[in-house]
Protein chains: 2
Amino acid sequence: MERIRTVEIGAHVGERVRVAGHLHALRKMGGVSFLVVRDGWGMAQAVADGEGALAPLAEAGAGVESVVVVEGVVVAAPQAPGGVELRAPVVEALVPVTEAPPLALNKRELKAGLTTILDEAVVANRHPERRALLRLGAGAMAGFRATLAARGFTEIQTPKIVAAATESGANVFALDYFGRPAYLAQSPQFYKQIMVGVFERVFEVGPVFRAEPHDTTRHINEYVSLDAEMGFITDHFTVMGMLRETLAGMLAALAERHTAELALLAVALPAVPAEIPSIHFAEAQELIWRLHGVDERAEPDLSPRGERWLGEWARREHGSDFLFVTGYPMRKRPFYTHPDPARPEYSNSFDLLLRGTELVTGGQRLHRYTDYLAALARAGLPAKPFVHYLEAFRYGMPPHGGFAIGLERLLMQLTGVPNIKLATTFPRDIHRLAP
Amino acid sequence: MERIRTVEIGAHVGERVRVAGHLHALRKMGGVSFLVVRDGWGMAQAVADGEGALAPLAEAGAGVESVVVVEGVVVAAPQAPGGVELRAPVVEALVPVTEAPPLALNKRELKAGLTTILDEAVVANRHPERRALLRLGAGAMAGFRATLAARGFTEIQTPKIVAAATESGANVFALDYFGRPAYLAQSPQFYKQIMVGVFERVFEVGPVFRAEPHDTTRHINEYVSLDAEMGFITDHFTVMGMLRETLAGMLAALAERHTAELALLAVALPAVPAEIPSIHFAEAQELIWRLHGVDERAEPDLSPRGERWLGEWARREHGSDFLFVTGYPMRKRPFYTHPDPARPEYSNSFDLLLRGTELVTGGQRLHRYTDYLAALARAGLPAKPFVHYLEAFRYGMPPHGGFAIGLERLLMQLTGVPNIKLATTFPRDIHRLAP
């Protein structure tokens with residue numbers, strides 16, 4: 001008999017079917033045994049009268065997480081999960097597991113401390129809630145790519161081993177490249193800009209590496225960056241429009257294809273307004289001063305508290321979970337940032353806040369060769385390490401810009417997990433290199 | 001006026017349109033000027049009587065690769081590329097380029113040596129042929145993902161910084177991870193297997209790193225691996241069936257969505273037979289002996305020459321560009337390889353040859369915890385560095401297997417470029433770290 005997936009059994013009421021997966025749970029109540037099989041997509045319950053059907057498990061000493069095959073007749077059972085269950089089951093222990101797993105995977109919630117969950121991630125990721133969260137990550141990546149591909153973007157894969165640090169000498173991992181020093185890419189920034197000269201619109205989904213010695217709830221040292229870059233923009237507002245469409249596409253993809261995961265995690269996806277409200281950095285500082293009496297107006301950046309207040313304001317005034325803050329001061333932005341032509345101390349850049357926390361950074365970049373030479377000189381950087389990057393501008397680049405979304409931060413903010421490491425399959429932090 | 005893409009102008013005959021891109025070519029013939037604009041998707045020709053329309057270019061000293069905006073009336077012109085051209089053009093030099101680029105981008109072929117092409121990749125990748133090849137890579141990735149997603153596979157992104165070398169201690173790049181030794185992942189092998197315990201069917205598209213000190217036409221030190229792994233297989237033939245569907249899906253995606261690129265590069269895609277012929281390793285050696293009088297029967301692997309002969313045989317006998325060779329000797333395969341239960345010196349593994357050259361490697365893996373402990377002991381490897389990997393098997397894993405396709409090798413074999421570096425956007429080799 002052909003095996004079917006657990007999520008398909010509802011379409012086979014009255015038929016005998018075969019499912020296979022991990023033995024998720026097994027309990028006995030008054031002479032009746034309930035057995036739950038978890039496969040890669042969902043779960044199915046089988047009900048056996050007496051102990052006979054379970055003899056193959058008992059003989060093999062097969063406990064939870066054993067790999068089992070179960071055949072049974074699909075019967076409507078309104079009280080069962082999914083509204084159906086398997087009756088008269090025949091059970092086979094394909095791969096018996098005789099030791100209890102280090103975490104109880106069949107409780108509604110994973111009851112364990114952060115360290116245990118991360119140490120035992122190999123098994124912990126099997127828990128339905130963790131798995132649902134990680135599958136939302138796959139859905140977000142798919143939504144990102146589909147939205148951009150439909151708008152003429154081409155996918156690129158750029159090198160992760162680079163000869164020079166991307167944006168600054170700080171926070172890079174160094175490695176030995178056949179006897180020469182090399183670094184892990186902190187972002188695909190330079191390469192995605194270069195590739196605008198080739199494809200005009202590009203995106204990349206890939207790992208980036210930050211050797212930041214921070215141990216916070218919002219930092220990991222390797223993460224997945226969803227990068228986009230596009231040519232022939234007017235200014236950063238063109239990029240913000242594309243980012244809005246991208247987020248709307250990603251959230252729509254999650255809502256359409258991941259209803260089960262969203263329900264399991266009780267996630268209410270934020271609505272992306274037709275136009276996301278936007279406030280200039282200087283106005284944002286004024287607003288914080290006026291509404292909260294805290295004067296950040298001399299600061300080159302917003303405080304986390306200020307961002308939270310702005311998020312509350314956006315919800316109150318605009319009914320929006322999202323808020324663009326534009327025009328961050330040039331001195332806080334990287335050298336390739338395009339200034340605001342009307343107020344050159346401010347930049348044509350933006351952050352996107354989701355519920356008062358930064359989610360995306362982006363902006364317009366410089367595109368003229370001479371502007372790059374001047375910007376490097378101003379930043380006190382030598383031109384030599386940037387010679388290949390500069391070649392793109394030397395031989396013509398259109399006005400362009402882009403953005404980068406951190407996949408794990410997005411998942412953290414959507415699902416509300418308290419630590420970004422819980423939004424990562426196998427996190428890397430200052431203390432953790434395994435699993 | 002809204003700018004349109006060059007590939008869209010054929011739908012606007014009789015209308016005035018605006019296109020923008022790089023000035024790909026400019027030539028004058030008997031008082032008529034021909035100007036070709038290249039945007040991210042294609043090219044459009046504009047024709048001007050006299051020199052007046054080109055004055056803005058001349059005034060700015062704007063040569064080829066300048067970023068230009070051209071407005072004109074779309075006119076059917078059977079002799080023009082694409083069958084249409086722009087008349088009465090108005091030209092603007094948005095970003096003038098005054099230096100000739102290091103490579104002539106507007107010749108049909110990129111006439112330069114390998115080193116020049118790689119040194120100048122930032123600009124060389126703009127050449128229509130290079131760009132078409134790289135865009136086929138994007139199409140191959142999209143086809144890979146779409147085919148597997150439609151079959152219940154979930155995308156994963158696994159860590160690239162790892163605590164221990166993946167399969168052996170050789171050929172790994174070492175790095176300093178906050179004062180501790182760490183390595184770049186040679187493959188996602190261990191993680192994709194672990195994730196079979198979570199999602200049952202997984203795929204990953206991402207960089208892998210091999211510190212192989214080889215300088216050949218078929219080696220690069222960082223490449224894009226298209227990895228898949230699936231549970232509940234019967235044996236390696238289940239995996240081979242999925243690989244066949246995946247390749248068929250990828251090639252169908254290229255044929256459907258990349259006709260222009262395939263035509264430009266004169267690529268004839270191989271047909272994927274409904275069943276790819278397959279030959280056992282031992283029979284393959286016998287065949288080589290019988291047909292060619294070369295005795296490789298004591299060897300643990302096939303020679304490149306032997307593979308070529310097998311490719312010719314598959315074409316001749318089975319009319320197939322593809323050939324599976326199965327059952328490679330266990331001693332040449334990694335420790336996690338599943339042996340053939342009937343002939344334990346051979347493995348349940350395979351290589352897929354395309355036109356006589358290896359394209360994909362895959363197979364069934366061990367899935368029982370005790371088998372792993374025995375295999376590590378046999379290989380003389382300590383269990384400790386593998387403790388997290390082993391945890392997956394300790395707590396139950398179904399019979400499983402998978403495969404890995406090297407994106408650049410696939411592109412090389414499909415397009416016939418003589419060096420894998422030419423199938424890579426920015427290659428990394430033993431001598432090359434930039435651009």
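Residues numbered from 1 in each chain as written. Chains lettered and ligands numbered in written order. Predicted model: local features only at pLDDT ≥ 70, side-chain atom pairs only at ≥ 80, totals over all residues.

Asker: Any chance you could explain the overall build of chain A here in plain terms?
Answerer: Helix and strand counts for chain A come out as 12 helices and 18 strands. Each of the three principal axes of chain A carries a C-alpha extent, and together these read 80 × 60 × 40 Å. (Helix = DSSP H or I, 4+ residues; strand = E, 2+ residues; numbered from the N terminus.)

Asker: Explain the packing of helix α8 (residues 281-292) of chain B against helix α9 (residues 304-318) of chain B to me, please; I cannot follow it from the model alone.
Answerer: The packing of two helices is summarised by the inter-axis angle and the distance between the axes. Residues and elements named next belong to chain B. Close contact between α8 and α9 brings their axes to 10 Å; oriented N to C, the two are set at 85 degrees. Of the possible angle classes, the one that applies to α8 and α9 is roughly perpendicular. In this structure, α8 uses A284, L287, I288, L291 and H292 to contact α9, whose residues at the interface are G306, W309, L310 and W313. Classifying every residue of the contact of α8 with α9 gives 7 nonpolar, 2 polar and no charged. (Axes fitted to C-alpha atoms, helices over the stretch in contact; angles between N-to-C directions. Parallel < 35°, antiparallel > 145°, perpendicular 65-115°, else oblique. Contact = placed C-beta atoms within 7 Å. Nonpolar A, V, L, I, M, F, W, Y, C, P; charged D, E, K, R; others polar.)

Asker: Quick question: what am I supposed to make of the interface of chain B and chain A here?
Answerer: A common way to report how large an interface is uses the accessible area buried once the components associate. Counting residues at the interface gives 74 residues for chain B and 74 residues for chain A. Here the element with the most residues in the side of chain B that touches chain A is helix α4 (residues 128-149) of chain B; it accounts for 6 residues. Each residue belonging to the side of chain B that touches chain A can be placed in one class, and the counts come to 41 nonpolar, 15 polar and 18 charged.

Asker: Looking at this structure, I do not really get α9(B). What am I missing?
Answerer: Side chains that are three or four residues apart share a direction in an α-helix, a result of its 3.6 residues per turn. All names here are of chain B. Compared with an ideal rise of 1.5 Å per residue, which puts 15 residues at 21 Å, α9 spans 20 Å between its outermost C-alpha atoms and is within 8% of the ideal. Each element contacted by the buried residues of α9 is listed here: α8, β13 (322-326), β16 (349-354) and β17 (357-365). G319 sits one or two residues past α9 and shows a positive phi near 60 degrees. (Expected span 1.5 Å × (residues − 1).)

Asker: I tried to follow the sheet that holds strand β3 (residues 43-49) of chain A on my own but got confused; where do I start?
Answerer: For sheets, the rule is that strands pair by backbone hydrogen bonds, running either parallel or antiparallel. Residue and element names in this part refer to chain A. A barrel is described by the order of its strands in space; here 5 strands give the closed sequence β1-β2-β3-β5-β4, paired in mixed fashion. Strand-to-strand twist of the sheet, defined as the mean angle between neighbouring strand axes without regard to direction, takes the value 50 degrees. In this structure, strand β2 (residues 32-38) lies alongside β3, joined through 7 bridges in antiparallel fashion. Considered in β3, the bridge of V37 is made with A44. (Pairing = 2+ DSSP bridges.)

Asker: When you look at the domain arrangement of chain A in this model, what are you seeing that I'm missing?
Answerer: Parsing chain A into structural domains produces domain 1 (6-95) and domain 2 (123-423). For domain 1 of chain A versus domain 2 of chain A, the distance between C-alpha centres works out to 46 Å. (Domains from an automatic or database assignment.)

Asker: Can you help me understand the sheet that holds strand β17 (residues 357-365) of chain A in this one?
Answerer: Residue and element names in this part refer to chain A. Spatially, the 8 strands line up as an open sheet ordered β6-β10-β11-β18-β17-β16-β13-β12, and their pairing is mixed. Each of the sheet's edge strands pairs with one partner strand only, and the pair in question is β6 (154-155) and β12 (278-280). Of the strand pairs in this sheet, strand β13 (residues 322-326) and strand β16 (residues 349-354) are connected by 5 bridges, and their pairing is antiparallel. Across the sheet, the residue bridging to L323 is L353, located in β16. Relative to β17, helix α6 (residues 236-257) is tilted by about 135 degrees, and along the sheet it contacts β11 (222-231), β13, β16, β17 and β18 (400-406).

Asker: Mind showing me how you'd approach the relation of the copies chain B and chain A here?
Answerer: Once turned by 180 degrees and shifted 0.0 Å along the axis, chain B lies on chain A with an RMSD of 0.0 Å. In the structure described here, the two chain copies are related by an operation that fits a two-fold rotation axis. Among all C-alpha atoms of chain B, that of B:L175 lies closest to the rotation axis, at 2.2 Å. Looking at the interface residues of chain B, 100% of them are also at the interface in chain A, so both copies use one shared face. (Least-squares fit on C-alpha atoms with pLDDT ≥ 70 in both.)

Asker: Quick question: what am I supposed to make of helix α11 (residues 387-394) of chain A here?
Answerer: Residue and element names in this part refer to chain A. Burial runs high along α11: 6 of the 8 residues are buried. The set of residues buried in α11 consists of H388, Y389, E391, A392, F393 and R394. Phi turns positive, to about 90 degrees, at G396, one or two residues after α11. (Buried ≥ 20, exposed ≤ 12 C-beta atoms within 10 Å, placed from the backbone.)

Asker: Explain unusual backbone geometry to me, please; I cannot follow it from the model alone.
Answerer: A negative phi holds for most residues other than glycine; trans holds for most peptide bonds. Residue and element names in this part refer to chain A. At the junction of A434 and P435, the peptide bond is cis and its omega measures out at -5 degrees in the coordinates. Not every positive phi belongs to a glycine, and E200 is a case in point at roughly 70 degrees. A residue is classified by how many C-beta atoms lie within 10 Å of it, and E200, with 24 of them, is buried. Residue A266 is not a glycine yet carries a positive backbone phi of 50 degrees.

Asker: How should the environment of A:E245 be read in this particular structure?
Answerer: Residues and elements named next belong to chain A. In this structure, E245 sits in helix α6. Using a count of 15 C-beta atoms within 10 Å as the deciding quantity, one classes E245 as partly exposed. Spatially, the C-alpha atoms of E245 and T147 are 7.5 Å apart, while their sequence positions differ by 98 residues.

Asker: Looking at this structure, I do not really get the nonpolar core. What am I missing?
Answerer: Most often, soluble globular proteins keep nonpolar side chains buried together rather than apart. Within the largest apolar cluster, 238 residues are counted, with the highest numbers of intra-cluster contacts made by A:V325 and B:V325. Beyond its immediate stretch of four places on either side in the chain, A:V325 contacts A:I279, A:F281, A:A284, A:L302, A:L310, A:F350, A:D351 and A:L353. (Core = buried A, V, L, I, M, F, W, Y, C linked by C-beta atoms within 7 Å.)

Asker: Sorry if this is basic, but what is going on with the pairing of strand β15 (residues 343-347) of chain A here?
Answerer: Looking down a regular strand, the side chains alternate between one sheet face and the other. All names here are of chain A. Where strand β14 (residues 339-340) lies against β15, 2 bridges are found, and the strand directions are antiparallel. Across the sheet, residue P339 finds its bridge partner in β15, namely S347. A loop of 2 residues connects β14 with β15, the two strands running antiparallel in sequence.

Asker: Just to check I follow, could you spell out the environment of B:V91 for this structure?
Answerer: With respect to the helices and strands, the residue B:V91 is situated in strand β5 (residues 84-95). Apart from residues lying up to four places away in sequence, B:V91 is in contact with B:L35, B:A53, B:L54, B:P56, B:L57, B:V68 and B:V70.

Asker: Would you mind showing me how to read the pairing of β17(A) here?
Answerer: All names here are of chain A. The pairing of β16 with β17 spans 6 bridges and is classified as antiparallel. Among the inter-strand pairings, L353 is bridged to a residue of β17, identified as E358. Sheet analysis places β17 next to β18, joined by 6 bridges and oriented antiparallel. Paired with G363 across the strands is G402, a residue of β18.

Asker: Where do I start with the confidence of the model for chain A in this structure?
Answerer: When the pLDDT values of chain A are averaged, the result is 96; 99% of them are 70 or greater. Two summary scores accompany this predicted model of the complex, namely pTM at 0.97 and ipTM at 0.97. (pLDDT = per-residue confidence, 0-100.)

Asker: Help me understand the environment of B:F178, please; the structure alone is not making it clear to me.
Answerer: Note on placement: B:F178 falls in the loop between β8 (174-177) and β9 (180-184). Residue classification places B:F178 among the partly exposed residues on the basis of 13 C-beta atoms within 10 Å. Sequence separation between B:F178 and B:R201 is 23 residues; the distance between their C-alpha atoms is 34 Å. Ignoring anything within four residues of it in the chain, the contact list for B:F178 reads A:P213 and A:I430.

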